Amino acid sequence: PLAMGAGFGAGLGLALASSAFIGGSFVLKKKGLLRLCGRARAGQGGHAYLREWLWWAGLLCMGVGEAANFAAYAFAPATLVTPLGALSVLVSAVLSSIFLNEQLNVHGKIGCILSILGSTVMVIHAPQEEEVSSLESMAEKLKDPGFIVFAVCVLVSSLLLIFVAGPRYGQSNVLVYVLVCSAIGSLSVSCVKGLGIALKELFSGKPVLKEPLGWLLLVCLVICISIQINYLNKALDIFNTSVVTPIYYVLFTTAVMTCSAILFKEWQHLVLDNIIGSISGFLTIVSGIFLLHAFRDMPFTPSLLPLFLQPARADPHPPWSTADRHQSCQHQPLLPSEDKDSQSAEEEEEEEE
């Protein structure tokens, strides 16, 4: 387990603040997009949302949340910070039910509880990442063949999603634009990690501004964030917020954990119980997110309960006298008497013919 040091406390606090700001930003941006009455929407390639102050407020909240998230990555491992992003799903779901009238039923509440429990388990069993203390060591890791292959696969798949799958399935399948955001987001986390190391060296008095790697990471980060914002806006405008947010979390977390495992070798020296705990915690989070998403439109009424739990059926086996007096609906004819008479008449006419 991770030591409860200053870096852990700072990373944990920044990650929690990041989840609160990012979860609120989804709702603010959605409110701004809904105010585009009759104007070109983001889902059709328009940019009228740039004139909505609510959208800019959401963008500001997301910027603050991402900045806190980036700082958290500089202080703590990615597999500690990323699972706490589930809290942004909870914040978004709760605020959406309040301000966007998006129903949060019992299944969603159970999903929220499972997400919190899974995040706690993952934090307890989070692996220690391999120490990276300078831009030189970061450069060596970026030259690793495994990471190069991963980065090439991410870029190629993103281009295919943008230029091939996007025009065909982007309006009907939520995975198209969310996959672009998640895949590019895994690379942005790597850039953030390197920039965090550069800032630490800068504050310690080292001539980091002369290093080309720091500027290259900054340019790559700006490009990645621009792509994420653009396609996340498209997904939010076309699909429901409570759909986009959890799917984005699951895919983004999986991509970041994969990228961190390849780049920083976080799982290399992990013992078996921590591996099982981390995987179990992540699967618990995924289960909670699935409950929050899959059953969001299913109303939870007493009729869905078993018979012995329904308030109108306290006694599942009534006395015979009661049963004779009040015939159960299960023994009623499927068709009314008039319909049965008309149906029998039609059958007789067919026989005569």
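Residues numbered from 1 in each chain as written. Predicted model: local features only at pLDDT ≥ 70, side-chain atom pairs only at ≥ 80, totals over all residues. Heavy atoms only, no water.

Looking only at helices and strands, the protein has 13 helices and zero strands in total. Its helices and strands taken in sequence order, the protein reads α-α-α-α-α-α-α-α-α-α-α-α-α from the N to the C terminus. In the protein, buried positions account for 44% of the 353 residues. A fraction of 81% describes how many contacts in the protein between residues 6 or more apart in sequence connect residues 24 or more apart. Only carbon and sulfur atoms are counted for the fraction: they give 67% of the accessible area of the protein, which is about 19000 Å². (Helix = DSSP H or I, 4+ residues; strand = E, 2+ residues; numbered from the N terminus. Buried < 20%, exposed > 50% of the residue type's maximum accessible area, 1.4 Å probe, protein only. Contact = heavy atoms within 4.5 Å. Areas by Shrake-Rupley, 256 points an atom, 1.4 Å probe, with all protein chains shown as cover.)

Following both chains from N to C, one finds helix H4 (residues 86–99) and helix H5 (residues 106–124) inclined at 160°, their axes separated by 9 Å at the closest point. By the angle between their directions, the pair H4 and H5 is classed as roughly antiparallel. Our pair here, H4 against H5, has a crossing hand that is left-handed. Judged by residue contacts, Ala86, Leu87 and Leu90 of H4 engage Cys112, Ser115, Ile116 and Ser119 from H5. Split into classes, the residues belonging to the contact of H4 with H5 amount to five nonpolar, two polar and no charged. (Axes fitted to C-alpha atoms, helices over the stretch in contact; angles between N-to-C directions. Parallel < 35°, antiparallel > 145°, perpendicular 65-115°, else oblique. Left-handed = near helix turned anticlockwise from the far one by under 90°. Nonpolar A, V, L, I, M, F, W, Y, C, P; charged D, E, K, R; others polar.)

Another point: the side chain of Ser115. Tracing the backbone shows Ser115 in helix H5. Polar contacts involving the side chain of Ser115 include one to the main-chain carbonyl oxygen of Gly111, which spans 2.9 Å. For Ser115, the residues in contact, after removing those within four places along its chain, are Ala86, Leu90, Ile285, Gly288 and Ile289. (Polar contact = N/O pair within 3.5 Å; in protein donor to acceptor, adjacent residues only side chain to side chain.)

Moving on to the nonpolar core. Soluble globular proteins tend to bury their nonpolar side chains together. Tyr73 and Val244 are the most contacted members of the largest nonpolar core, which has 62 residues in total. Counting residues per element, the ones that place at least two in this core are helix H1 (6–34), helix H2 (53–75), helix H3 (78–81), helix H6 (135–142), helix H7 (145–169), helix H8 (175–203), helix H9 (212–238) and helix H10 (241–264). If one sorts the elements of this core by residue count, H8 sits on top with 14 residues. Composition of this core by domain shows at least three residues from each of domain 1 (1–102) and domain 2 (129–268). Not counting the four nearest positions on each side in its chain, Tyr73 is found in contact with Ala78, Val81, Thr82, Val189, Val192, Lys193, Phe252 and Val256. If you look at the next biggest cluster of nonpolar residues, it comprises 14 residues, including Val89, Leu90, Phe282 and Ile289. (Core = buried A, V, L, I, M, F, W, Y, C linked by side-chain atoms within 4.5 Å. Domains from an automatic or database assignment.)

In short, shape yes, function no, at least from these values alone.
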